[in-house]
Amino acid sequence: MRRASSATPGQLDNAETTSEPVGPEPPDDGGVGAPDASLELNKGPDMVGRSSPEAPEPAGLLYAADVSDSPHLDETLSWVTTEEVQSTDPLAGQFDHAAWIDETAIATVGTVAAGTIAADIGEHPLVEDTRHDDLEVLYVRAPGLMHTDVQLLTAAALASRVPVSVPPLPAAAPEDEAQQPNPLFVVGALGLVALIIAAFAAGGWWTSRTGEDEPIAFGDVGTDTVPTQRPIGAIAAPTTTVAAAAPVDQEAVLASATEALRNAGYSGMSVRYEGDLLVLEGVMPATGLDAGYFSRVEEITSVISGIDGVQQVSTRLFLRGDDARLRSQLRALSESTPVEFPFASADLTPESRNALQAVADAILANPGLRVLVAGHTDATGSPEANAQLGGARAGAAIQELVRLGVPITRLQPVAYGELFPDAAGTDAENRRVEFEVAP
Amino acid sequence: MKRLALLILAVGLLATACSDGDDTGQAGTTLASTATTSPTTTTTTPATTTTAAPAESADEEPGILTDGVTVTNDTIYVGILADLSGPFSGNVIDLVDSQLAFWAAKNAAGGIAGRQVELLVVDTAYDLGQHQLLYGNMVNQVVMFSHSTGSPHTASIADDLVRDQRLAIPVGWYSGWSDPGLGANLLELGSNYCIEATNAVSFLSETHQQQFGELPTIAIATDAGDYGQDSAAGAKFAAAQLGVDIAFDGEATLAFGGDPSATAAAIAASGADYTWVATDPITAAELVSQSLSSGYRGGWSGATPSFSPRLLDTALGDYLSQAWLVSVFFAPAGADVPGMSEVYAVLAESFPDRFPSDGLVRGYLEFSLTAQVLERAAALGDLTPAGVVDASKQIGDVDFGGISPTNLYTGDFNTSVARQTGLYRASKALFESQGGLGAVLGDGAVSAFEPVAPAYVSEVAANMAFDEPCYVFGS
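These numbers come from a predicted model, not from an experiment.

Chemist: Residue-level account of the overall build of chain A, with values.
Modeler: Looking only at helices and strands, chain A features 11 helices and 14 strands. Classification of the 439 residues of chain A by burial places 52% in the buried group.

Below you can see the structure in the form of structure tokens.
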């Protein structure tokens, strides 16, 4: 390591400096600008599914997003269809206000009328523009499947405060894949825009302009896109579909699935319904994943996928537990059964030991999370000595929690001493240990 | 609620602390004796080792070569060597979970080259021996490693990676990764500890000078080893270049689970205007609280792993939101950068009830880089481990949509080191307005960081010439 330039110490104002401006650097375009570089998350020519690198690029691909049911654009943006198009006005006559995005036009809000899209209404109008209230449809054209276009739409949608979605395209038939890339590959390869469709996949995730239940079909891609759509975010392997002859008794399915999981020993997992979608969620034990995470997910999912009435299972099985749940439990315990100490002592009282049992139960019920054990004192004495006593109290609590079965690796002491008293508390109440979800 | 954390209150209490009796009658067990000891050994069952050298064979798919083991006709196997139970597990688990979510979505969208990507995950527990053992068990089963926790741990397998023709993405920002002599098969993300410290000290010096008309003094308190000492080297380099006096040099005085009280006392005694820290968040919390107890009133900043937004939920939250300048290698969760929208959408769907941890964003970066390398390899027609290594040498600069500075994966040591880091303030108000630690991605919660200089390159860092790492192992 050495200094390469001849600049002298302190020369921060040197006109030749390569430093960037100090201070906040809000984008001046809300993130829509600079499409050629700043939005390219995933470069490379190899984003076309199974196509060989030399496969011909399609002439042009248009994604159209119906936002007609999002009059303020603070609702979900639903893609409705996609197709190769040669013209630029496939929605002519269907909508009055559209946003058009392609490789050259960053974003233009126009009026779709008589087969034309009026442009040049302003620069970057998708950003901070009240005209969004009128917007009904967003286009993005992706000639050659350049994912930059999709990213542009994403950025524009973000700037518009619109949640982003993925076009629900049908998977290409295997024999077609080499010639006709599945746009899902494109979107997926982009770093995977948004997973809102997972919530919609179960039903009603698109809406027509007229509010009817029929999907709008642009071009020749129609309703057959729906059954092939699988929620992204749900793990790939375990989404299972089984034809159901009768309406599902969701309560019965939940009861059966819960029992099946319990019988299989998956205590940290639970099931619930999101619409018609059965969601399996919880904490995945970190052990046993050396043979493959997705294989393990599939194995766990198989426990419930065969239950009568189960049509589709989406999984959210990850390694970390729910911060918020443990946090709220620990705080409630601090209120109801505080762990307090005698004056000038780190000895646990019988009451404190009982309180720690509840803390241990809460920690053990939330695997994957570590807990900060914070030792406090009252303000009597020197700060340094009280910091030491706070540490001792934290240590005593940890020793007891370990005795109660909590792995020591999940516990971290911190000695706050007298620094952070409970303002409303008495001295006795400040001689305490508290528990926080560890950073 | 039984906790109140206000800087002013804390300072006031310190100032008025009475001494007419100690609440310390018992010889307290010191923190050092009660702190967590070394991580337990891994509970992961080692994978069956495939010992036979995979024979390269032509895949059924025309034009793509695979070895039939690490990449088959339908699956690509990728390894993750992660600290899932050790000192950095809090952050690392978020990071791994994020990778799992992004790969799940990628698979749902078709995978890579028509193949699903399967992740083989093991817990190294931040244990050097376990890391090496589990690497050996796994290496012949995976085409590359998308995650390897720990700089010394990763360094310990660096030569093996070259021998075995595997890539790995290190979780650790050691300045030596860009050195082809050490990190030939390592793909770093973002800048390094040394540059980060250089930027932060430069920024503090610059702003202090603007505000007070004089150079500040700094204290340095770091862990030992490549992390802490690489960071310390950067801080000292900047101080030397800028003429900043180092009031206390606490390089290598901190350790996870150790007692930082002596360092805290020295910081307080130094009266430094700012203290640069490189440790873990819990030790940092200890250090800050004990320094306050000892009367320290200066400001703080620290290396990326030293701070966690979750600290805002602790009793120190108010103080840290005022006194700690957050340094980061990449944009925090929800930051206003172009690529964040895509990332956030995936995270919100996968973790609707999860706190918007920055580790989740980092997980995306690992996923993205891995995916790009594999896709490049597929495009080049060679998905063997050696082919993937070769592909990594051809991807050049990679732009992460502003989430992380562009990384060069070609070029010499000096040119491949990214110089940009970010500086933020941790906002307790923003944190609490979103529900504190109860803030969840599903509600659109973002990181509690507010930008100060989100894309900062100091003059010193820009002009730093790398012909060797800032800190050399064993030095």
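Next, the rest of the story.
Chemist: Any details on the environment of Lys 236 of chain B? Residues and values, ideally.
Modeler: Residue and element names in this part refer to chain B. Inspection of the secondary structure assignment puts Lys 236 in helix H9 (residues 225-242). Its 22 C-beta neighbours within 10 Å are what place Lys 236 among the buried residues. Taking the C-alpha atoms as reference points, Lys 236 and Ile 218, 18 residues apart in sequence, are found 9.6 Å from one another. Excluding residues that lie within four positions of it along the chain, Lys 236 makes contacts with Ile 220 and Ile 246.

Chemist: Requested: an account of helix H8 (residues 193-212) of chain B, with residues and values cited.
Modeler: End to end, H8 of chain B covers 28 Å across 20 residues, agreeing with the expected 28 Å (1.5 Å per residue, within 8%). With 14 of 20 residues buried, H8 of chain B is to be regarded as a mostly interior element.

Chemist: Outline the sheet that holds strand E8 (residues 245-254) of chain B, listing residues and values.
Modeler: Residue and element names in this part refer to chain B. Read from one edge to the other, the open sheet built from 7 strands follows the order E8-E7-E9-E10-E11-E14-E15, with strand pairing classed as mixed. Every other strand in the sheet has two partners, leaving E8 and strand E15 (449-456) as the edge strands with one partner each. Recorded for the sheet is a direction-independent mean angle of 20 degrees between the axes of neighbouring strands. As paired elements, strand E11 (residues 324-328) and strand E14 (residues 421-426) share 4 bridges and run antiparallel to each other. Bridging from a neighbouring strand, Ser 327 pairs with Leu 423 of E14. Packed onto the sheet, helix H10 (residues 261-270) meets strand E7 (217-223), E8 and strand E9 (274-278) and runs at close to 175 degrees relative to E8.

Chemist: Tell me about the packing of helix H3 (residues 89-108) of chain B against helix H13 (residues 340-350) of chain B, and please be specific about residues and values.
Modeler: Residue and element names in this part refer to chain B. Two numbers describe how H3 lies on H13: the axes approach to 10 Å, and their chain directions differ by 100 degrees. Relative to H13, the element H3 is oriented roughly perpendicular. Here Ser 98, Ala 101, Phe 102 and Ala 105 of H3 come into contact with H13, specifically with Val 346, Leu 347 and Ser 350.

Chemist: So what's going on with the confidence of the model for chain B? Which residues, and what values?
Modeler: Residue and element names in this part refer to chain B. Summary statistics for chain B give a mean pLDDT of 84 and a share of 87% for residues scoring 70 or more. Of the regions scoring below 50 in pLDDT, residues 1-60 engages in 159 contacts with residues more than four places distant in sequence or in other chains. Model confidence for the complex is summarised by a pTM of 0.63, with the ipTM given as 0.78.

Chemist: Can you explain the sheet that holds strand E4 (residues 116-123) of chain B? Please cite residues and give values.
Modeler: Strands in a sheet are paired, the pairing made by backbone hydrogen bonds, and the direction either parallel or antiparallel. Residue and element names in this part refer to chain B. Taken in spatial order, the 4 strands line up as E4-E3-E5-E6 in an open sheet, and their pairing is parallel. Only two strands of the sheet have a single partner each, and these edge strands are E4 and strand E6 (168-171). Adjacent strand axes in the sheet meet at a mean angle of 15 degrees, parallel and antiparallel pairs treated alike. The strands that helix H4 (residues 128-138) touches are strand E3 (75-82) and E4; relative to E3, the one it contacts most, it runs at about 170 degrees.

Chemist: Quick rundown of the confidence of the model for chain A? Include the residues and the values.
Modeler: Caution is warranted with low-pLDDT regions, since their predicted coordinates should not be read in detail. Residues and elements named next belong to chain A. For chain A, per-residue confidence averages 57 on the pLDDT scale, and 44% of positions sit at 70 or higher. In the model, residues 100-133 has pLDDT below 50 throughout and makes 82 contacts with residues more than four positions away in sequence or in other chains. For residues 140-245, every residue scores under 50 in pLDDT, and the model assigns this stretch 307 contacts once sequence neighbours within four places are set aside.

Chemist: How would you summarise unusual backbone geometry if you had to cite specific residues and measurements?
Modeler: Of note in the backbone geometry, Ala 344 of chain A takes a positive phi value of approximately 55 degrees without being a glycine. Tracing the chain through its elements places Ala 344 of chain A in the loop between strand E11 (339-340) and helix H9 (350-364). For Gln 165 of chain B, which is not a glycine, the phi torsion comes out positive at approximately 55 degrees. When you line up the elements, Gln 165 of chain B lands in the loop between helix H6 (158-164) and E6.

Chemist: Please give an account of the environment of Arg 331 of chain A that cites residues and values.
Modeler: Structurally, Arg 331 of chain A is set in helix H8 (residues 323-336). A sequence separation of 105 residues divides Arg 331 of chain A from Glu 436 of chain A, and the C-alpha atoms of the two residues are 7.9 Å apart.

Chemist: Quick rundown of the pairing of E9 of chain B? Include the residues and the values.
Modeler: Residues and elements named next belong to chain B. Summarising burial for E9: 5 of the 5 residues are buried, a large majority. Residues of E9 alternate between two faces, with Tyr 274, Trp 276 and Ala 278 on one and Thr 275 and Val 277 on the opposite face, all of them buried. Here 5 bridges tie E7 to E9, and the two strands are oriented parallel to one another. Directly across from Ile 220, in E9, lies its bridge partner Trp 276. Relative to strand E10 (residues 299-302), E9 runs parallel, the two sharing 4 bridges. Residue pairing for E10: Trp 276 is matched across the bridge by Ser 301. As for the winding sense of the linkage, the β-α-β connection from E9 through helix H11 (residues 281-293) to E10 is right-handed.

Calculation rules
- Residues numbered from 1 in each chain as written.
- Chains lettered and ligands numbered in written order.
- Predicted model: local features only at pLDDT ≥ 70, side-chain atom pairs only at ≥ 80, totals over all residues.
- Helix = DSSP H or I, 4+ residues; strand = E, 2+ residues; numbered from the N terminus.
- Buried ≥ 20, exposed ≤ 12 C-beta atoms within 10 Å, placed from the backbone.
- Contact = placed C-beta atoms within 7 Å.
- Expected span 1.5 Å × (residues − 1).
- Pairing = 2+ DSSP bridges.
- Axes fitted to C-alpha atoms, helices over the stretch in contact; angles between N-to-C directions.
- Parallel < 35°, antiparallel > 145°, perpendicular 65-115°, else oblique.
- pLDDT = per-residue confidence, 0-100.
- Right-handed = clockwise from strand over helix to strand, strands pointing away.

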